[in-house]
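# Survey of secondary and tertiary structure
One-letter residues, chain by chain:
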Amino acid sequence: MKATLLVSALVAVLMPFATAQDNDRLPHASLDREINIPRAAGTVASGRLPQGQTSPTFCRPCLFYAGDFDSNASDANGLANEVDLTVSTGAATYTPFIVPKGKTWTVTGLFTVSVISSVKLDPNIVPYEVRKDIPKSGGNGGHLVCHGKRTATVMDTAICDDFGFQCYAVVARNVKGCRLPSGKYSLSVVPYCSNKNDINCDNWRAFVLNDDGAMAHRYGPLEPANDSFFNSVFYGAVWEPSSEQQSSKRFSVGVEGTAK
């Protein structure tokens, strides 16, 4: 039984988020636990990772894209990345990326690829952060390099259409003043649906998807494995390694901009 069952089941379970909450079940940070199905036994990605390919259409001009969500991966999953009426104090997943030696990146956009309950965000803003030097064991957020809030651009990635739901790239564009010399950084882009007067925000959830598996359309430097972090007062997570929530090695995120 492939992990495709996990994603194909979402068409039936994204709406029952409401039922789960009405039954006083606490929300989960890990997507497979939230939709309450067993871990699927899918394929495992080979040890040979794909070389950089043509960047996806939703990453322009693209410096880095970690790769597509792969429904056939044995640990196809997603991790809470949201501020909404359910997770009111928020949850943020921080994913690493590498600026190559001898290069400086001028970042103009940052994004995550996510399952979200409704394409509408309210307010239609996304806070973004770039950090460095988060300790390997977590515990604090290292150093904040650049941050801000931007009007969200939400784009259908056409990655998950075959499974009865959409995966969206949630993009913070027109980022200013974010120049990154060579080194390792971590990014977050967190969508909102926190307007109590907007019916679209009822039981709205967002999960950044992993890209364990084939990593189609991977572009730029390879994302470091097992080096993401999860920070959420709601879930009692203080800059903890994401492995404490689930087994995902990498997450589907990207960076737009120019390099010198």
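The shown structure was predicted, so the numbers you read here are calculated from the model rather than taken from an experiment.

### Thoughts on the pattern of salt bridges
This structure, assessed with the given rule, holds seven salt bridges. A salt bridge links Glu82 to Arg205, with the nearest nitrogen and oxygen atoms 2.7 Å apart. Taken together, the residues span a long stretch of sequence, with Glu82 in the loop between strand 2 (78-80) and strand 3 (83-84) and Arg205 in the loop between strand 9 (192-193) and strand 10 (206-209) at a distance of 123 residues. An identical accessibility class is assigned to Glu82 and Arg205; each is buried. Salt-bridge contacts for Lys120 lead to Asp198; the nearest nitrogen and oxygen are separated by 3.3 Å.

### Focus: the confidence of the model for the protein chain
Put simply, the protein chain has an average pLDDT of 86, and 82% of its residues get 70 or more. Note on residues 1-20: pLDDT is under 50 here. Beyond four places in sequence and across chains, it has 45 contacts.

### A short note on unusual backbone geometry
A cis geometry characterises the amide bond from Arg60 onward to Pro61, with omega recorded as -15 degrees. In this structure, Pro61 sits in the loop between helix 4 (31-34) and strand 1 (62-65). The omega torsion across Asp122 and Pro123 is 5 degrees, close enough to zero to call that bond cis. Structurally, Pro123 can be placed in the loop between strand 4 (92-116) and strand 5 (125-132). In the Ramachandran plot, Asp133 falls in the positive-phi region, its phi being about 60 degrees despite a non-glycine side chain. Along the polypeptide, Asp133 turns up in the loop between strand 5 and strand 6 (143-156). Residues other than glycine seldom take positive phi values, yet Asn226 does so here, at roughly 55 degrees.

About the criteria used
Residues numbered from 1 in each chain as written. Predicted model: local features only at pLDDT ≥ 70, side-chain atom pairs only at ≥ 80, totals over all residues. Heavy atoms only, no water. Salt bridge = Lys/Arg side-chain N within 4 Å of Asp/Glu carboxyl O. Helix = DSSP H or I, 4+ residues; strand = E, 2+ residues; numbered from the N terminus. Buried < 20%, exposed > 50% of the residue type's maximum accessible area, 1.4 Å probe, protein only. pLDDT = per-residue confidence, 0-100. Contact = heavy atoms within 4.5 Å.

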